[in-house]
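Letter by letter, the chains look like this.
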Amino acid sequence: MKTLAVCADDYGLSAPISDGIVRLARQGRLDAVSCLVTAARWPADATRLGGLRVAIGLHLNLSEGAPLSAALARHWPRLPALPALILRAHAGALPRDALRAEIDAQLDAFRAATGRAPDFVDGHQHVHHLPGVRQALLERLAAPTAVRATGRVAGPGWALKRWLIEATGGRALQRALAARGLRHNAVLVGAYDFAAADYGALVRRWLAALPERGTLLFCHPGETDPTGSDPIGAARVRELAYLGSEAFARDLAAAGVVHGPAWR
């Protein structure tokens, strides 16, 4: 049997997202939940995580909303959009000391709400692997905390997006994790354009290409957002419907895949 860990991202970003993720976790369809602690609703949503049989991690955010730390807010009152952040990171133009303060603030916010360190850390829009960010983050982590590796993003499909994830820092992060002996997934799946109408068909393609161990599927499920403000709201609803369905369970069984840890 092959193993797959399923991680739902963006917990705490909005009520529909948190509601959908909690529902899937209670169904036993998730192995991990990644929490966005910069959101205003995070402290309240953190109380709902108790009793869920999933790993709970920090979804480091440097590309949406406002910083938590005063140090980074002096540079960026609003966090830069991802393209600008990538350019600044690769140009060596990030405020390094302020970034360290922001990482500390987000780790502290996680601990304050949950009473413990995160089981793992990853990044909203994969920001944790960017040059400057990854070094500052790795300075602050030690075993047994795991890290989402983005150095091998498996297909099929969306080759350009997968290459961009790997090339903007994923491969360097994967090498650094191995050198430091920090637990991480060997393979990542889940990258697509959020426009595909049949999410189940995508998952079946990913399942067919899985290696035996060490694969993490990242996903973004959520309930319907009545405000219509979520740019990937329709994709979240499709993901929630499939992952919560019996079709997902049947597809896992047909592919010879069971839930299991990805970090090693």
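Because the structure is predicted, anything quoted here is derived from the model rather than measured. (Residues numbered from 1 in each chain as written. Predicted model: local features only at pLDDT ≥ 70, side-chain atom pairs only at ≥ 80, totals over all residues. Heavy atoms only, no water.)

(A) Quick peek at the overall build of the protein chain. A count of helical and extended segments in the protein chain gives 10 helices and eight strands. In summary, the protein chain has a C-alpha radius of gyration of 17 Å against a globular reference of 18 Å for 264 residues, a match within 12%. Classification of the 264 residues of the protein chain by burial places 55% in the buried group. Of the side chains in the protein chain, 31 bear a positive and 23 a negative charge, and the two mean positions are spaced by 5 Å. (Helix = DSSP H or I, 4+ residues; strand = E, 2+ residues; numbered from the N terminus. Rg over C-alpha atoms; globule rule 2.2 N^0.38 Å. Buried < 20%, exposed > 50% of the residue type's maximum accessible area, 1.4 Å probe, protein only. Lys, Arg positive; Asp, Glu negative; His and termini not counted. Charge placed at Lys NZ, Arg CZ, Asp CG, Glu CD.)

(B) Up close: the side chain of His124. Within the secondary structure, His124 sits in the loop between strand S4 (120–123) and helix H6 (133–139). You can call His124 buried: its relative accessible area is 6%. Of the polar contacts made by the side chain of His124, one reaches the side chain of Asp10; its length is 3.2 Å. His124 has contacts with Asp10, Leu36, His59, Leu60, Asn61, Ser63 and Glu64, leaving out every residue within four places of it along the chain. (Polar contact = N/O pair within 3.5 Å; in protein donor to acceptor, adjacent residues only side chain to side chain. Contact = heavy atoms within 4.5 Å.)

(C) Spatial organisation of the pairing of strand S3 (residues 55–60). Within S3, six of the six residues are buried, leaving the element largely enclosed by the surrounding structure. The sheet contact formed by strand S2 (residues 32–35) and S3 spans four bridges and is parallel. Bridge assignment links Val33 to a residue of S3, and that residue is Ile56. Two elements, S3 and S4, share four bridges in a ladder whose sense is parallel. In the strand pairing of S4, Gly57 is matched with Phe120. (Pairing = 2+ DSSP bridges.)

(D) Up close: helix H5 (residues 96–114). A rise of 1.5 Å per residue sets the reference length of H5, with its 19 residues, at 27 Å; its end C-alpha atoms lie 27 Å apart and thus fit the reference within 8%. Those residues of H5 that fall on the buried side of the exposure criterion are Ala98, Leu99, Glu102, Ile103, Ala105, Gln106, Leu107 and Phe110. Contacts from the buried residues of H5 go to S2, helix H2 (42–46), S3, helix H3 (70–75) and H6. Gly115, located one to two residues past H5, shows a positive phi value of around 80°. (Expected span 1.5 Å × (residues − 1).)

(E) Looking closely at the packing of helix H1 (residues 15–27) against helix H9 (residues 233–243). Look at H1 against H9: their axes get within 10 Å of each other, and the N-to-C directions meet at 15°. In terms of orientation, H1 and H9 fall into the roughly parallel class. Helix-helix and strand crossings are classified by hand; for H1 and H9 the assignment is left-handed. Residues Ile17, Gly20, Arg23 and Leu24 of H1 form the contact with H9, whose participating residues are Arg236, Leu240 and Leu243. For the contact of H1 with H9, the residue count by class is four nonpolar, one polar and two charged. (Axes fitted to C-alpha atoms, helices over the stretch in contact; angles between N-to-C directions. Parallel < 35°, antiparallel > 145°, perpendicular 65-115°, else oblique. Left-handed = near helix turned anticlockwise from the far one by under 90°. Nonpolar A, V, L, I, M, F, W, Y, C, P; charged D, E, K, R; others polar.)

(F) The arrangement of the packing of aromatic side chains in detail. All chains considered together, the criterion is met by nine aromatic pairs. Taking the centre distance of 6.3 Å and the plane angle of 75° together, the rings of Trp158 and Tyr192 count as edge-to-face. Here the residue Trp158 occupies a position in the loop between strand S5 (146–147) and helix H7 (159–180), and Tyr192 occupies one in the loop between strand S6 (187–189) and helix H8 (199–208), the gap between them amounting to 34 residues. Residue Trp158 is classed as partly exposed on the basis of its relative accessible area, which comes to 27%. (Phe/Tyr/Trp six-rings, centres within 6.5 Å; stacked < 30°, edge-to-face > 60°.)

(G) Structural context of unusual backbone geometry. Cis geometry is adopted by the peptide bond preceding Pro144, which originates at Ala143 and carries an omega value of 10°. Turning to its location among the elements, Pro144 is positioned in the loop between H6 and S5. In the segment running from Gly155 into Pro156, the intervening peptide bond is cis, with an omega of 10°. Within the secondary structure, Pro156 is located in the loop between S5 and H7. Despite not being glycine, Gln125 has its phi angle at roughly 60°, a positive value. With respect to the helices and strands, the residue Gln125 is situated in the loop between S4 and H6. Phi at Phe194 is positive, roughly 65°, even though this residue is not glycine. For Phe194, the position within the fold is in the loop between S6 and H8.

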